[in-house]
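Structure assessment
Here is how the chains run, residue by residue.
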Amino acid sequence: VMIFPEGQLTTDGSVGSFRSGIGALATSLGIPVAPARVDGLYEVRRSGRRHARWGEIRVTFGEPQSFPAGENAEAVAAKLHGVVDQLCRAASERER
């Protein structure tokens, strides 16, 4: 199951802030979360369009992250956002 923790589509292609719901799910379910960077989704599914057009999408997964029950949901969301930011920076460096 893939969850987009921003809770809305991006209007400019950048990663938005993560909502705390991803942290609540991660801590209450006790399952690891595999952070992912999705490249190309913005280009094929622009905000405001009803349907996506054909195109290439690349998904890069980070190391699974586990969180103890009761950990602050907002802190978990912030940590996951940081991991996705690292994936974005690494991808940008590879593209240079």
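Residues numbered from 1 in each chain as written. Predicted model: local features only at pLDDT ≥ 70, side-chain atom pairs only at ≥ 80, totals over all residues. Heavy atoms only, no water.

What to know about the pattern of salt bridges
For the structure shown, the criterion picks out one salt bridge. Its salt-bridge partner being Arg 37, residue Asp 39 comes within 2.4 Å of it at the nearest N-O pair. For the pair formed by Asp 39 and Arg 37, the shared burial category is buried. (Salt bridge = Lys/Arg side-chain N within 4 Å of Asp/Glu carboxyl O. Buried < 20%, exposed > 50% of the residue type's maximum accessible area, 1.4 Å probe, protein only.)

So, the side chain of Gln 65
Mapped onto the fold, Gln 65 is located in the loop between strand 2 (58–61) and helix 3 (73–95). A residue is classified by how much of its surface remains accessible, and Gln 65, at 14% relative accessible area, is buried. Polar contacts involving the side chain of Gln 65 include one to the main-chain carbonyl oxygen of Glu 63, which spans 2.9 Å. Beyond its immediate sequence surroundings of up to four residues, Gln 65 is in contact with Ile 31, Pro 32, Val 33, Pro 35, Lys 79, Leu 80 and Val 83. (Helix = DSSP H or I, 4+ residues; strand = E, 2+ residues; numbered from the N terminus. Polar contact = N/O pair within 3.5 Å; in protein donor to acceptor, adjacent residues only side chain to side chain. Contact = heavy atoms within 4.5 Å.)

So, helix 3
With 23 residues, helix 3 ought to run about 33 Å at 1.5 Å a step, and its terminal C-alpha atoms sit 33 Å apart, in line with that. Buried residues of helix 3: Val 76, Ala 77, Leu 80, His 81, Val 83, Val 84, Leu 87, Cys 88 and Ala 91, and no others. The secondary structure elements touched by the buried residues of helix 3 are helix 1 (21–29), strand 1 (36–39) and strand 2. By the N-cap criterion, in which a side-chain oxygen at the helix start approaches the backbone nitrogen of a residue two or three places on, helix 3 is capped by Asn 72, the distance to Glu 74 being 2.9 Å. (Expected span 1.5 Å × (residues − 1).)

Remarks on the packing of helix 1 against helix 3
One can describe the packing of helix 1 onto helix 3 by two numbers: an axis separation of 7 Å at closest approach and a directional angle of 105 degrees. The angle between the axes of helix 1 and helix 3 places the two elements in the roughly perpendicular class. Across the interface between the two elements, Ile 22, Gly 23, Ala 24, Ala 26 and Thr 27 of helix 1 pack against Ala 73, Val 76, Ala 77 and Leu 80 of helix 3. Of the residues assigned to the contact of helix 1 with helix 3, the class counts are seven nonpolar, two polar and no charged. (Axes fitted to C-alpha atoms, helices over the stretch in contact; angles between N-to-C directions. Parallel < 35°, antiparallel > 145°, perpendicular 65-115°, else oblique. Nonpolar A, V, L, I, M, F, W, Y, C, P; charged D, E, K, R; others polar.)

As for a nonpolar patch on the surface
A cluster of nonpolar side chains, Met 2, Phe 4, Leu 41, Ile 57, Val 59 and Phe 61, forms an exposed patch at the surface whose accessible area comes to about 540 Å². Structurally, Ile 57 can be placed in the loop between helix 2 (41–44) and strand 2. (Patch = residues over 30% accessible without salt bridge, like charges linked within 9 Å, V, L, I, M, F, W, Y side chains within 5 Å. Areas by Shrake-Rupley, 256 points an atom, 1.4 Å probe, with all protein chains shown as cover.)

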